[in-house]
Amino acid sequence: MTEPVQINASTATLARTSVFKRILKNPMGLFAIAVLSIMILVAIFAGWIAPFGENTANIGKTLAGADSVNLLGTDSAGRDTFSRLVFGAQTTLLSALLCAAVAISIGLPAGLIAGYYSGPFDSAANWVVNVLMALPGIIVLLTIRAAFGPSVWISMIAFGILISPGYFRLTRTAVQSVRNELYVDAARVSGLSDSRIITRHIFSVVRAPIIIQTAIVCGVAISIQSGLEFLGLGDPTVATWGVMLSEGFKNVYLTPTLLLWPALAIGLAVGSLVLLGNAVRDALEDREKVTVSKRNDPPTVALQMQRGPRKRTASVEVGTEKHLVKVSHLAIGYPQANGTLKPVVNDVSFTVDRGEVLGIVGESGSGKSQTAFSILGLLPPEARIISGSIQFDGEYTVAPGEDIVNQSRLSELRGKRISYIPQEPMSNLDPAYTIGSQLVAPMVKVLGISKAEAKKRALKLLSDVGIVDPARTFGAYPHEVSGGMAQRVLIAGAISCEPDLIIADEPTTALDVTVQAEVLDLIRDLQKRLGVGVILVTHNFGVVADLCDRVVVMQAGRLVEGGEVREILGTPQDPYTITLLDSMLENKTPMTMLVSQGGTKS
Amino acid sequence: MVTFILKRIGSGLVVLAAISCLTFFLLYFSSTNIARNILGEYATPEQVAAKQAELGLDQPIFSRFLAWVAEALTGNFGTSWFTNESVVQAISNRLPVTLALVVTSIVIIAILSTLIGVAAAVKRGWIDRAVQIAAVIGDAIPNFVLAIVFVTIFAIQLGFFPATSSIQPGADGGAWVASLTLPVIALVISGLTSGAQQVRSAVIKQLEKDYVRTLRSRGISEGVILFKHVLRSAAPAGLTVLSLQFIGMLGGVVIIEQIFALPGMGALAVQSTTLGDTPLVMGVVLYTVIIVILVNLLVDLANGWLNPKVRVS
Amino acid sequence: MKFGPRATSVAILAAAAVALSGCASSSGGSSSGAATDTLTIGSLSNITSFDPAQAHLGHQMPLYQAAYDTLILRKPDGSFAPMLATEWKYNEDNTVLTVDLRDDVTFTDGEKFDAEAAKANLDHFKSANGPDAAQGGSISSVDVVDEDTIDITLSAADPAMEYYLSQVPGLMGSPKALGTEEVKTVPVGSGPYVLDAKASVNGSQFVYTANKDYWNKDLQKFSKVTIKILADVTARTNAVVSGQVDAVLLDAKNGKQAEGAGLEQVSYPVDWNGLFLFDRDGKNTPALADVRVRQAINYAFDRETMLEQLSLGHGEVTAQIFGKTTDAYIPELDDAYAYDPAKAKSLLAEAGYADGFELTLPILPGTEAIMAMVQQQMADVGITVKQEAVPQANYVTDLQAAKYSAAWFSVFQGEPWVAIKQAIGPQAAYNPFKTTTPELQEAIDAVQFGGDESGELAKKVNQYVTDEAWFAPWYRIDQMFYVDGTKIAVEPQAQQAIPSIYNYAPAS
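Residues numbered from 1 in each chain as written. Chains lettered and ligands numbered in written order. Predicted model: local features only at pLDDT ≥ 70, side-chain atom pairs only at ≥ 80, totals over all residues. Heavy atoms only, no water.

### A short note on the overall build of chain B
This is how the line gets drawn: Working definition: helices are DSSP H or I runs of at least four residues, strands are E runs of at least two. Numbering for both runs from the N terminus. The classification of residues rests on relative accessible area computed with a 1.4 Å probe and restricted to protein chains. Under 20% of the type maximum is buried, over 50% is exposed, and intermediate values are partly exposed. By definition, residues are in contact when any of their heavy atoms lie within 4.5 Å. Computed with the Shrake-Rupley method and a 1.4 Å probe, the accessible areas treat only the protein chains shown as cover for residues. Just so you know, the count uses Lys and Arg for positive and Asp and Glu for negative, and it drops His and the chain ends. Taken as the charge centre is NZ of Lys, CZ of Arg, CG of Asp or CD of Glu, depending on the residue.
For chain B, the count of helices and strands is 13 helices and 0 strands. From first element to last, N terminus to C terminus, chain B shows the α and β order α-α-α-α-α-α-α-α-α-α-α-α-α. If one aligns the C-alpha atoms of chain B with their principal axes, the spans along those axes are about 85 × 55 × 35 Å. The burial tally for chain B puts 57% of its 313 residues in the buried class. Within chain B, contacts between residues separated by at least 24 positions form 74% of all contacts whose residues are at least 6 apart in sequence. Carbon together with sulfur atoms contributes 71% to the accessible area of chain B, which is approximately 12,300 Å² in total. Measuring between centres, the 19 positive side-chain charges of chain B sit 21 Å from its 15 negative side-chain charges.

Encoded structure:
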């Protein structure tokens, strides 16, 4: 009971923490801000910090080493390297800012207008952007310099124009995605002027990406500017790091340190800007993760190696080998930042026999999918088995005491003896390959049959799952078929290698109501015909009543009730089951948490 | 498919026209001293005037542009004002060097960043952290700074490589390799880190996709999932990054070629723009833009091949 | 330790060079089999066109000398010797130069060199509007006397005509090729070498092979000559230190590195360095009209220190613009304006500029160090220097367009008449305000019509412009030329930025 409260509390604090604080907490971000702040301070107070003027020459002391007067030595004109570095910060940073300012002042309004009103302005602006992006930047800058003289400022204004498409595209995309959202509509209906809507609603959306983009642009501007100056195309009367670099390269044989300092300054400045951009992005993403996203599955990477010495699989308890699946006292947890494991499944036990259909019912976050995936061995890599065991057909896939699913044992079973029907049909097919090839490949691999034979079987399977024109579907890409059809394809895939157990994870939730019934009929028919065991994960008692022999009810990671479907439906014992059943009887799908308990994993 | 390509070529031509127009008028501002600069310091004002007439510089800008366009449309890009070499000849002499430099770098970047990016995405752990840190460092150090450091250490101090180019027509493979090694390394290092970073995040994004789990549940091996399915879907992101790097490098080599005294397009660009050699600058700009447009077209075609959804629409 | 790897790579390069030259000599057949019968030079200047009339003196000359012979040969010490011309002499009033020509020379396209060919070349030079066209300005006509004699008629005496005929106007190309498109990229001359166009890339390198039928084997010392264009001084240093080129012009600071790598230094003064005080009539900067102000500027410079700091002491301080190798040179003028800031200040005060004045100077990329010193020392006597950045391509134009009242420059010290036409005469390229005085004009005229005496008479011009402080020269700077002494021997060329192509020989 105390655990979810903690989560809520921490969520709340995290949401309140400003992005800035989060950046400071990130060591990289802190470093970047520290370096940039120092550089900016140095630039502002250059006149006070630098012991000499940027062009003050001590003609009697050229290319001198470091001493107490010239902290970093002098250059070929006897100018103080340290002072020039300090004044260089001023020019270099200011010119980078100028470049970003020009780019923003062109790209941002253009992007706002193009994104908000679209129409002819949008097409015109896009065309200009295409031209700008195809321009060979450095050559244009060289030409501009030849035309208008070696001014740092003119070069940077020109570069700002060249780089403005970045801001334009960023703003335009952001605005387009926001434009039709509800709150903007609402604002429009309530009579707010376009400019108010733009400034109030849309501006807040593009603010963060623009900060990131600006950090990157400033870095690029410094590199480009230094590059041009290195070519000897800089303004010789102004101390910048690029001019110093050029001067250093000329004297690289006599005084290599002249090259070192400006190179270091450029590297530090550009690096800090990159780091700052990364830190801002990370900070924003963190906030989104905590406050917005509830669906936070870590990637299901199953590549990791079995840890520790390979143990012989322990034998299962005598008498239980007759069960197709037996889950005993299973607990699954995820490591937390503080080093503890947060359980999402706790002390769950059930069995499935051959030819039997078991329903696992519960709301989002009840741990039902985690349980199902643990049988498939497809938990995220960071998931840990805290306790309990899983056995399949008389052998442990998770033996007592093991903390992860044994991949070598499960890879023998997956696809061959245990198969899977996912929830969302479209996202579970690889868009890059035809449906046929996605059906054929597992059969070739698992059944060891030829491609031609696999194709024959696939066509038969497609017709078995009720697809009218199997040949056409076979050659189609996933985006060319409907959702219901795709789910039939996935079911065909699931039965293609004659499994003993099918795990169906909400197989109808994503489908239209009319299609739902057809798909359920199909699963029932196949189950009867093939005599396979099925674990059906669902939140819907209707589906359970329709298909299952037995059912277990899960809530907040625990099993609250289990038994014959008729019994549970008829005389539910647990209050939670009763609530669930009530909601079903009122013909409603529980959209929200019914009880204030629940984890974050689904 | 054909209409798509034709459409793209059509719009490319329009962009090309716009850019030539823009560049030509920009060059106008730097063309005031051309005749004097060609003739040198001891030329008399009469000589300068004669030269201006010879080059057509006494004509108004518009008729100059039209004359250039008329010639260019017949495939005649003129001769350089300063070297009298035909523009096509000058560029075809230089282009192989730049392309060798850029293409070699891009190929190495593509291969290495795929390997490293995939490894970082799959293995995570230290290699992942190393890639992330390297990406920041790679971004932080402009490639020309790296190049300077390389020349100073490996060519000048240690003498492992030639400090300036030994690439010339008829130069043997060894000379090319020796001359290109350091510049390619400099370009690869700064491109590789961000390339690997992009591949890494694209692969991670794909690994999080539902279909990967389904493929696993079908008993497909991890290797097949990774290299047949995940990489293919991650490839468009990688290709886009590579094409951006390619375009960026076409500009970036200007400085790199200068450092290594490589006789490539970059050196030509610097020479011709500083002198205001209009025919040559126009040639360089046109070639570069054509390459950029072609690369973008190729990337779009490749993406269409990789992603059937894009192919249809 | 440090030399280990470099020695290896030099060995590899040398092996490669031997292999290459082996191929070359087996086909060429003219080589004596010596290890170094190839020459690779780093040049800082590219060419505009191989049309001989488009050539430019100084850095470009070796590129043309390889392919074209000149009428007169200028020897390393600056004296003149026969080449395509066997003899030449002036008439009484120095307005007609009669030139006898060789009759045994053919161009590489088979055309014969004769009086018609020489006339065609000189006429072409006059009409082609090349960079050095001004040098032919005094030629009014060229007439064929007989098959191997021409008369060059001048509109007025020109004491530098011999010199010109050893420079660009004297370059002789095949009359058939002159004016064609092809000659712009492939030279057709009678010179000691022939351009290998296939192996050459304009702006990068030019490769020449020995002209098998060359008439004067004494001037043809290599089987192959490569000239690499390396505009950047660091690139040239890298190239010569790593053995990619045999000979190259550096500057004092990069020279140190070349010395460290065991290269041989050949130094000789060519340029003078300092300020041109253009606005002597005070059109834009009234202060400069006062000779005391111009003298004050001269006194403001600590020439010794500047030479030491800017060029590591490689050169000689001076206050005159005429070179040591010319007859106009006056030794005492070298220290006419010894460093004396106090005197500078009092001169300024006398002229009414006790509070100084402001002077705008153009600054080129790469001359930051020089300008920083100028600014500092001028400030010390009260003159405020404002620097204005000018791109390389506009610098000379801006100077000649009288945009600046004064400017830094480095100019070669030619023959007296050449120098006068360059910087002193009213039409001189570097006299943008066209300043002159009757007294000076008289001295200049004396030089022009002085015949054999003209060099000596130029002393008066020298004295005048130095006393009047037309310039503020600082020093004659040494050309820091470096060669790989184990392979190449070279003699410096008087009054020319780099040695002529004839001055190189394989090391004995």
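Here the narrative resumes.
### Things to note about the UniProt feature "transmembrane region" (unreviewed entry) in chain B
Note the cut-off: UniProt positions are given in the numbering used here, feature names are shortened, and annotations may be inferred rather than shown by experiment.
UniProt feature "transmembrane region" (unreviewed entry): in the numbering of this structure it lies at residues 12-30, 99-122, 143-163, 175-196, 237-260 and 280-299 of chain B. The annotated region residues 12-30 of chain B carries 95% helix and 0% strand content, and the separation between its end C-alpha atoms amounts to 27 Å.

### Re the interface of chain B and chain C
To keep things clear, this is the line we draw: Salt bridge, as applied in this entry: a Lys or Arg side-chain nitrogen positioned within 4 Å of an Asp or Glu carboxyl oxygen. We call two N or O atoms a polar contact when they sit within 3.5 Å, provided that within protein one can donate a hydrogen and the other can accept it, with sequence-adjacent residues counted only if both atoms are side-chain atoms.
In this complex, chain B contributes 36 residues to the contact, which on the side of chain C involves 45 residues. Here chain B and chain C share 0 salt bridges between them. Connecting chain B to chain C are 4 residue pairs in polar contact (both at pLDDT 80 or more). Those elements that place two or more of their residues in the side of chain B that touches chain C are helix 2 (34-39), helix 3 (45-55), helix 5 (87-123), helix 7 (143-157) and helix 11 (265-275) of chain B. Counting residues per element, the side of chain B that touches chain C draws most heavily on helix 2 of chain B, at 4 residues.

### Quick word on the interface of chain B and chain A
Put simply, the rule reads: A quick way to say it: buried area is the sum, across both parts, of accessible area lost when two parts are put together, with a 1.4 Å probe. Three classes are used: nonpolar for Ala, Val, Leu, Ile, Met, Phe, Trp, Tyr, Cys and Pro, charged for Asp, Glu, Lys and Arg, and polar for all others, with Gly counted as polar.
The interface is formed by 59 residues belonging to chain B together with 70 residues belonging to chain A. Buried surface at the junction of chain B and chain A, both sides included, amounts to about 5,700 Å², of which 73% is carbon and sulfur. Counting the surface chain B buries against chain A, the share from its top three residues, Arg213, Arg216 and Arg218 of chain B, is 13%. Viewed at the interface, chain A and chain B are joined by 0 salt bridges. For the side of chain B that touches chain A, the secondary structure elements donating two or more residues are helix 1 (2-29), helix 6 (125-140), helix 7, helix 9 (210-217), helix 10 (222-260), helix 11, helix 12 (278-306) and helix 13 (308-312) of chain B. No other element matches helix 10 of chain B, which puts 11 residues into the side of chain B that touches chain A. Residues belonging to the side of chain B that touches chain A are distributed by class as follows: 33 nonpolar, 14 polar and 12 charged.

### Here's the deal with the packing of aromatic side chains
Two aromatic rings, taken as a pair, are described by how far apart their centres are and by the angle between their planes. Operational definition: In summary, the pairing rule links any two rings of Phe, Tyr or Trp, Trp by its six-membered ring, whose centres are within 6.5 Å, and it sorts them by plane angle into stacked for under 30 degrees, edge-to-face for over 60 and tilted for everything else. Each ring is checked for a lysine NZ or an arginine CZ that lies within 6 Å of its centre and within 35 degrees of its normal; such an atom marks a charge sitting over the ring.
As enumerated under the stated definition, the model contains 30 aromatic pairs over all chains in all. Each ring, one from Phe276 of chain C and one from Tyr430 of chain C, has its centre 5.7 Å from the other, and the planes form 40°; the classification is tilted. Taken together, the residues Phe276 of chain C in strand 14 (residues 264-276) and Tyr430 of chain C in the loop between helix 12 (416-424) and helix 13 (438-448) connect sequence positions 154 residues apart. Residue Phe276 of chain C shares its accessibility class with Tyr430 of chain C, and that shared class is buried. Members of the aromatic cluster, each reached through a chain of ring pairs, are Trp272, Phe276, Phe278, Tyr395, Trp408, Phe409, Tyr430 and Phe471 of chain C. Across from the ring centre of Tyr433 of chain A, 5.2 Å away, lies the NZ or CZ of Lys228 of chain B, which sits over that ring. Directly above the ring of Phe471 of chain C sits Arg280 of chain C, whose terminal nitrogen or CZ lies 5.1 Å from the centroid.

### Let's talk about the nonpolar core
The condition is simple: For the purposes of this section, nonpolar cores are sets of buried Ala, Val, Leu, Ile, Met, Phe, Trp, Tyr and Cys residues that join through side-chain atoms within 4.5 Å.
The biggest cluster of nonpolar side chains holds 152 residues, and the ones touching the most others in it are Phe113, Tyr208, Leu275, Ile424, Tyr430 and Phe481 of chain C. If we ignore the near neighbours within four places in the chain, the residues touching Ile424 of chain C are Ile321, Phe322, Ala419, Asn431, Thr435, Leu440, Ile444, Val461, Val465, Trp470 and Phe471 of chain C.

### Quick look at the confidence of the model for chain C
In low-pLDDT regions, the fine details of the predicted coordinates are not to be read closely. Residue and element names in this part refer to chain C. Basically, it comes down to this: A residue's pLDDT is the confidence the predictor assigns to it, expressed on a 0 to 100 scale.
Averaged over chain C, the pLDDT score is 87; the fraction of residues at 70 or greater is 93%. Within the model, the stretch residues 1-35 combines pLDDT values under 50 with 20 contacts to residues more than four positions away or in other chains. For this predicted complex, the interface confidence reaches an ipTM of 0.82, while the overall pTM sits at 0.78.

### Some remarks on the packing of helix 7 (residues 137-148) of chain A against helix 11 of chain B
Using the following cut-off: For helices, the fitted axis covers only the stretch in contact; all axes are lines through C-alpha atoms, and the angles between them, taken along N-to-C directions, range from 0 to 180 degrees. For this classification, under 35 degrees means roughly parallel, over 145 means roughly antiparallel, 65 to 115 means roughly perpendicular, and everything else is oblique. Working rule for handedness: look at the near helix, and if it is turned counterclockwise from the far one by less than a right angle, call the crossing left-handed; if clockwise, right-handed.
Remark: helix 7 of chain A packs on helix 11 of chain B, axes separated minimally by 8 Å, with the N-to-C direction vectors making an angle of 25°. In this view, helix 7 of chain A runs roughly parallel relative to helix 11 of chain B, as classed from their interaxial angle. Between helix 7 of chain A and helix 11 of chain B lies a crossing of right-handed hand. When helix 7 of chain A is examined against helix 11 of chain B, the residues Ile139, Leu142, Thr143, Arg145 and Ala146 of chain A are found in contact with a partner set consisting of Ala269, Val270, Thr273 and Thr274 of chain B. Of the residues belonging to the contact of helix 7 of chain A with helix 11 of chain B, the class tally is 5 nonpolar, 3 polar and 1 charged.

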